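Structural characterization, general
Each chain, written out:
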Amino acid sequence: MITFVAGDGDDLDSQAARDAVCDVLEEVFGDADTWADLTSTADAAVTRETLAALLESFVAHYVYNRVPVIAEQLTRISDPHAVRRADEEMRQIIQTMVSLRLPDDPFAVDWSGPQGRQIADDALRATYEAIQGLDGDRQ
């Protein structure tokens, strides 16, 4: 399933997408180890709204995974609690950037085509701008 959604991981984009799929699956299924665990942790019926939320979560994780500067910035912080707070803050900023850029009907988007790529690129660009803004605040 991961390869179908995210490709084979042979480049940065594909690897970021594969990691994002795994992140979303972790959010949905948690620590489920068996089929019984999976069926008890996930809702039996996926609605249009929950599918849209999963898509938004996937794009946010993808963007986070595509911005290597985040990890670099976090390694500069020595306090583990501050690292966790900074990471959560960055994830929230990315989630907001993605949410603002998704169209009202995300199912009308060809996510493998130019429109899907543009949405991801816009979110990436906005994330880099936010990181630069955070750096400017700290200097």
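Below you will find a few notes about this structure. Owing to the predicted nature of the structure, the values given are computational and were not obtained by experimental measurement. (Residues numbered from 1 in each chain as written. Predicted model: local features only at pLDDT ≥ 70, side-chain atom pairs only at ≥ 80, totals over all residues. Heavy atoms only, no water.)

What follows concerns the overall build of the protein chain. Secondary structure assignment for the protein chain yields seven helices and zero strands. The helix and strand sequence of the protein chain, counted from the amino end, reads α-α-α-α-α-α-α. Taken across its 139 residues, the protein chain has 32% of its residues classed as buried. Of the contacts formed within the protein chain by residues at least 6 apart in sequence, a portion of 62% connects residues at least 24 apart. Of the roughly 8900 Å² that the protein chain leaves accessible, carbon and sulfur atoms contribute 54%. (Helix = DSSP H or I, 4+ residues; strand = E, 2+ residues; numbered from the N terminus. Buried < 20%, exposed > 50% of the residue type's maximum accessible area, 1.4 Å probe, protein only. Contact = heavy atoms within 4.5 Å. Areas by Shrake-Rupley, 256 points an atom, 1.4 Å probe, with all protein chains shown as cover.)

Glancing now at the packing of helix α2 (residues 12–29) against helix α4 (residues 48–66). One way to put it is that α2 packs onto α4 with a least axis distance of 8 Å and a crossing angle of 130 degrees. As far as their axial angle goes, α4 and α2 are oblique. Judged by the sense of rotation from one axis to the other, the crossing of α2 with α4 is right-handed. Where α2 abuts α4, its residues Leu12, Asp13, Ala16, Ala17, Asp19, Ala20, Val21, Asp23, Val24, Glu27 and Val28 lie against Leu54, Ser57, Phe58, His61, Tyr62, Asn65 and Arg66. Split by residue class, the contact of α2 with α4 holds ten nonpolar, three polar and five charged. (Axes fitted to C-alpha atoms, helices over the stretch in contact; angles between N-to-C directions. Parallel < 35°, antiparallel > 145°, perpendicular 65-115°, else oblique. Left-handed = near helix turned anticlockwise from the far one by under 90°. Nonpolar A, V, L, I, M, F, W, Y, C, P; charged D, E, K, R; others polar.)

What follows deals with a nonpolar patch on the surface. A cluster of nonpolar side chains, namely Val46, Leu51 and Phe107, defines an oily patch on the protein surface of about 260 Å² accessible area. You can see valine 46 is positioned in the loop between α3 (35–41) and α4. (Patch = residues over 30% accessible without salt bridge, like charges linked within 9 Å, V, L, I, M, F, W, Y side chains within 5 Å. Salt bridge = Lys/Arg side-chain N within 4 Å of Asp/Glu carboxyl O.)

Right, let's get into a negative patch on the surface. The grouping of Glu26, Glu27, Asp31 and Asp33 at the surface amounts to a negative patch. One can find aspartate 31 in the loop between α2 and α3. (Lys, Arg positive; Asp, Glu negative; His and termini not counted. Charge placed at Lys NZ, Arg CZ, Asp CG, Glu CD.)

Time to look at the environment of arginine 117. Position of arginine 117 relative to the elements: it lies in helix α7 (residues 114–138). Here arginine 117 falls in the partly exposed class, since its relative accessible area comes to 34%. Once residues within four sequence positions are removed from consideration, arginine 117 is found in contact with Asp13, Tyr62 and Trp111.

Before going further, it helps to spend a moment on the packing of aromatic side chains. Evaluation of the coordinates by the stated rule reveals zero aromatic pairs. Arginine 91 extends its terminal NZ or CZ atom over the ring of tyrosine 64, reaching a point 3.7 Å from the ring centre. (Phe/Tyr/Trp six-rings, centres within 6.5 Å; stacked < 30°, edge-to-face > 60°. Lys NZ or Arg CZ within 6 Å of the ring centre and 35° of its normal.)

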